[in-house]
Amino acid sequence: VLAGRAPGRIRRSGSTRDIAYNVKVPAGIPAYILSRRPDVRQSEYQLRAANAEVGVAIANYFPTISLTAAGGLASADLRHVQGRRGGWGFGTNLTGPLFQAGKLTAEKIEQTVAPSNDYEQTVLNALAEVSSTLIQRAKLRNITSIQSEAVEAYQTAVKLSFERYRTGLSNYIEVLYAQQNLYPAQIQLSQYYYQHASTLVSLYT
(Lines give C-alpha, C1' and ligand atoms only; values in the text may rest on other atoms or scores of the structure.)
Protein backbone atom coordinates (compact mmCIF):
# COMPACT_ATOMS: atom_id res chain seq x y z
CA VAL A 1 0.00 0.00 0.00
CA LEU A 2 2.77 2.44 0.93
CA ALA A 3 4.71 1.70 -2.26
CA GLY A 4 1.60 2.06 -4.42
CA ARG A 5 2.03 -1.25 -6.19
CA ALA A 6 1.12 -4.91 -5.88
CA PRO A 7 3.35 -7.09 -3.69
CA GLY A 8 6.21 -8.69 -5.55
CA ARG A 9 9.67 -10.09 -5.18
CA ILE A 10 12.00 -8.00 -3.03
CA ARG A 11 15.45 -7.46 -4.45
CA ARG A 12 18.13 -8.47 -2.01
CA SER A 13 21.87 -8.04 -2.27
CA GLY A 14 24.86 -8.41 -0.01
CA SER A 15 24.68 -10.07 3.38
CA THR A 16 24.11 -9.22 7.03
CA ARG A 17 27.87 -9.22 7.46
CA ASP A 18 28.23 -6.65 4.67
CA ILE A 19 25.66 -4.40 6.32
CA ALA A 20 27.30 -4.88 9.71
CA TYR A 21 30.81 -3.98 8.59
CA ASN A 22 30.69 -2.06 5.33
CA VAL A 23 28.29 0.66 6.46
CA LYS A 24 30.40 3.18 8.37
CA VAL A 25 29.24 5.68 10.99
CA PRO A 26 30.96 8.98 10.11
CA ALA A 27 32.90 10.94 12.70
CA GLY A 28 31.91 14.45 13.77
CA ILE A 29 28.12 14.14 13.62
CA PRO A 30 26.86 17.24 15.47
CA ALA A 31 24.63 16.77 18.50
CA TYR A 32 22.24 19.34 17.04
CA ILE A 33 21.01 16.67 14.63
CA LEU A 34 19.08 15.24 17.59
CA SER A 35 16.90 18.35 17.53
CA ARG A 36 15.02 16.64 14.67
CA ARG A 37 13.72 13.89 16.95
CA PRO A 38 9.94 14.12 17.53
CA ASP A 39 10.27 14.00 21.32
CA VAL A 40 12.90 16.75 21.30
CA ARG A 41 10.83 18.91 18.94
CA GLN A 42 7.73 18.52 21.09
CA SER A 43 9.66 19.62 24.17
CA GLU A 44 11.26 22.44 22.15
CA TYR A 45 7.91 23.87 21.10
CA GLN A 46 6.68 23.73 24.69
CA LEU A 47 9.78 25.66 25.68
CA ARG A 48 9.25 28.14 22.85
CA ALA A 49 5.72 28.77 24.10
CA ALA A 50 6.98 29.39 27.62
CA ASN A 51 9.76 31.67 26.35
CA ALA A 52 7.61 33.63 23.92
CA GLU A 53 7.53 36.69 26.20
CA VAL A 54 10.99 36.19 27.68
CA GLY A 55 12.85 36.04 24.36
CA VAL A 56 15.53 33.48 25.21
CA ALA A 57 17.11 31.92 22.12
CA ILE A 58 16.25 28.22 21.90
CA ALA A 59 19.56 27.49 20.16
CA ASN A 60 21.34 28.41 23.36
CA TYR A 61 19.78 25.43 25.10
CA PHE A 62 21.37 22.81 22.89
CA PRO A 63 24.87 21.43 23.64
CA THR A 64 27.30 22.22 20.83
CA ILE A 65 29.23 18.95 20.69
CA SER A 66 29.99 16.11 18.30
CA LEU A 67 28.28 12.76 18.83
CA THR A 68 30.81 10.53 17.08
CA ALA A 69 34.58 10.17 16.88
CA ALA A 70 36.71 8.29 14.36
CA GLY A 71 35.65 4.68 13.82
CA GLY A 72 32.04 5.41 14.74
CA LEU A 73 32.81 5.53 18.46
CA ALA A 74 31.22 7.86 21.00
CA SER A 75 33.05 11.19 21.12
CA ALA A 76 34.82 12.46 24.21
CA ASP A 77 32.32 15.34 24.40
CA LEU A 78 29.39 12.93 24.40
CA ARG A 79 30.97 10.87 27.18
CA HIS A 80 31.59 14.11 29.10
CA VAL A 81 27.92 15.11 28.87
CA GLN A 82 26.86 11.66 30.01
CA GLY A 83 29.14 12.06 33.03
CA ARG A 84 27.36 15.28 34.06
CA ARG A 85 24.26 13.96 35.79
CA GLY A 86 23.05 17.47 36.50
CA GLY A 87 22.82 18.50 32.84
CA TRP A 88 25.27 20.09 30.45
CA GLY A 89 25.37 23.52 32.12
CA PHE A 90 28.04 25.98 30.99
CA GLY A 91 31.52 25.35 29.68
CA THR A 92 33.89 25.73 26.75
CA ASN A 93 32.32 22.98 24.63
CA LEU A 94 28.86 23.00 26.16
CA THR A 95 26.37 25.84 26.04
CA GLY A 96 23.37 26.43 28.27
CA PRO A 97 20.43 28.84 28.55
CA LEU A 98 21.61 32.45 28.59
CA PHE A 99 19.36 34.37 30.96
CA GLN A 100 20.14 38.06 31.10
CA ALA A 101 20.54 38.76 34.79
CA GLY A 102 18.69 41.84 36.00
CA LYS A 103 16.63 42.20 32.80
CA LEU A 104 14.05 39.51 33.54
CA THR A 105 11.52 39.45 36.33
CA ALA A 106 11.55 36.54 38.75
CA GLU A 107 8.07 35.57 37.61
CA LYS A 108 9.10 35.32 33.93
CA ILE A 109 12.21 33.36 34.77
CA GLU A 110 10.12 30.97 36.87
CA GLN A 111 7.77 30.44 33.93
CA THR A 112 10.66 29.10 31.86
CA VAL A 113 12.26 26.86 34.52
CA ALA A 114 9.97 23.81 34.22
CA PRO A 115 9.87 23.76 30.39
CA SER A 116 13.62 24.36 30.34
CA ASN A 117 14.26 21.43 32.68
CA ASP A 118 11.93 19.21 30.64
CA TYR A 119 13.70 20.17 27.42
CA GLU A 120 17.13 19.57 28.90
CA GLN A 121 16.07 16.17 30.22
CA THR A 122 14.62 15.20 26.83
CA VAL A 123 17.88 16.13 25.09
CA LEU A 124 19.93 14.27 27.72
CA ASN A 125 17.78 11.17 27.16
CA ALA A 126 18.43 11.46 23.41
CA LEU A 127 22.17 11.80 24.01
CA ALA A 128 22.09 8.80 26.36
CA GLU A 129 20.40 6.66 23.71
CA VAL A 130 23.01 7.61 21.12
CA SER A 131 25.85 6.99 23.55
CA SER A 132 24.48 3.57 24.56
CA THR A 133 24.01 2.54 20.93
CA LEU A 134 27.55 3.59 19.96
CA ILE A 135 28.98 1.67 22.92
CA GLN A 136 26.86 -1.38 22.10
CA ARG A 137 28.01 -1.18 18.48
CA ALA A 138 31.68 -1.16 19.50
CA LYS A 139 31.22 -4.09 21.90
CA LEU A 140 29.31 -6.15 19.33
CA ARG A 141 32.08 -5.58 16.80
CA ASN A 142 34.61 -7.05 19.26
CA ILE A 143 32.32 -9.96 20.17
CA THR A 144 31.68 -10.70 16.50
CA SER A 145 35.40 -10.73 15.78
CA ILE A 146 36.01 -13.25 18.56
CA GLN A 147 33.09 -15.42 17.44
CA SER A 148 34.35 -15.33 13.85
CA GLU A 149 37.69 -16.73 15.01
CA ALA A 150 35.87 -19.50 16.89
CA VAL A 151 33.89 -20.42 13.75
CA GLU A 152 37.10 -20.61 11.72
CA ALA A 153 38.60 -22.94 14.35
CA TYR A 154 35.53 -25.20 14.27
CA GLN A 155 35.60 -25.24 10.46
CA THR A 156 39.20 -26.41 10.60
CA ALA A 157 38.23 -29.11 13.10
CA VAL A 158 35.46 -30.35 10.79
CA LYS A 159 37.84 -30.41 7.84
CA LEU A 160 40.49 -32.34 9.77
CA SER A 161 37.98 -34.81 11.18
CA PHE A 162 36.61 -35.46 7.70
CA GLU A 163 40.15 -36.09 6.40
CA ARG A 164 40.71 -38.54 9.25
CA TYR A 165 37.46 -40.30 8.32
CA ARG A 166 38.33 -40.30 4.62
CA THR A 167 41.70 -41.93 5.29
CA GLY A 168 40.21 -44.49 7.67
CA LEU A 169 41.79 -43.12 10.85
CA SER A 170 38.42 -42.48 12.53
CA ASN A 171 34.73 -43.17 12.09
CA TYR A 172 32.09 -40.67 11.00
CA ILE A 173 31.03 -40.00 14.60
CA GLU A 174 34.07 -37.74 14.95
CA VAL A 175 32.89 -35.69 11.97
CA LEU A 176 29.41 -35.38 13.47
CA TYR A 177 30.81 -34.22 16.80
CA ALA A 178 32.87 -31.56 15.04
CA GLN A 179 29.82 -30.38 13.09
CA GLN A 180 27.79 -30.18 16.31
CA ASN A 181 30.26 -27.57 17.51
CA LEU A 182 30.46 -25.72 14.19
CA TYR A 183 26.79 -25.19 13.34
CA PRO A 184 25.69 -23.53 16.64
CA ALA A 185 28.78 -21.32 16.44
CA GLN A 186 27.80 -20.24 12.91
CA ILE A 187 24.25 -19.50 14.04
CA GLN A 188 25.57 -17.43 16.95
CA LEU A 189 27.88 -15.52 14.60
CA SER A 190 24.99 -14.68 12.26
CA GLN A 191 23.01 -13.42 15.26
CA TYR A 192 25.90 -11.17 16.25
CA TYR A 193 26.09 -9.84 12.68
CA TYR A 194 22.37 -9.09 12.83
CA GLN A 195 22.62 -7.35 16.21
CA HIS A 196 25.58 -5.29 15.01
CA ALA A 197 23.73 -4.30 11.83
CA SER A 198 20.56 -3.44 13.78
CA THR A 199 22.47 -0.85 15.82
CA LEU A 200 22.51 1.24 12.62
CA VAL A 201 18.72 1.33 12.73
CA SER A 202 18.74 2.29 16.42
CA LEU A 203 21.37 4.95 15.78
CA TYR A 204 19.42 6.41 12.86
CA THR A 205 16.25 6.50 14.98
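Residue indices follow the written sequence of each chain, beginning from 1 at its first position. Confidence filtering applies because this is a predicted model: local features only for residues at pLDDT of at least 70, side-chain atom pairs given and counted only at 80 or more, and all residues used for totals across whole chains, interfaces and linings. Just so you know, side-chain values use all the structure's heavy atoms and leave hydrogens and water out.

S.K.: Describe in detail the overall build of the chain, supporting the description with residues and values.
M.R.: Secondary structure elements are taken from DSSP: a helix is a run of H or I of four residues or more, a strand is a run of E of two residues or more, and numbering for both begins at the N terminus. Across its full length, the chain carries five helices and zero strands. The linear arrangement of helices and strands in the chain, starting from the amino end, is α-α-α-α-α. Taking all 205 residues of the chain together, 34% fall into the buried category. Restricting the contact set of the chain to residue pairs at least 6 apart, pairs at least 24 apart contribute 75%. Under the convention used here, a 1.4 Å probe and the Shrake-Rupley method define accessible areas, while residue burial counts only the protein chains that appear. About 13,500 Å² of surface is accessible on the chain, with carbon and sulfur atoms providing 54% of the total. Each residue's exposure class comes from its accessible area (1.4 Å probe, protein chains only) as a fraction of the maximum for that residue type: buried when under 20%, exposed when over 50%, partly exposed otherwise. In what follows, residue pairs with any heavy atoms lying within 4.5 Å of each other are defined as contacts.

S.K.: Any chance you could break down the packing of aromatic side chains for me, citing the residues and the numbers?
M.R.: Aromatic pairing here means that ring centres of Phe, Tyr or Trp (its six-membered ring) are within 6.5 Å. Orientation follows from the plane angle: under 30 degrees is stacked, over 60 is edge-to-face, and everything else is tilted. Across all of its chains, the model carries two aromatic pairs by this definition. Aromatic pair Phe-162 and Tyr-165: ring centres 6.2 Å apart, planes at 50°, arrangement tilted. Residue Phe-162 and its partner Tyr-165 are both found in helix α4 (residues 106-166); the two are separated by three residues, about one turn of the helix. Owing to a relative accessible area of 37%, Tyr-165 belongs among the partly exposed residues under this scheme. An angle of 75° between the planes, with centres 4.9 Å apart, marks the rings of Tyr-165 and Tyr-172 as edge-to-face. The partly exposed category is assigned to Tyr-172, whose relative accessible area is 34%. By the ring-pair criterion, three or more aromatic residues cluster together here, those being Phe-162, Tyr-165 and Tyr-172.

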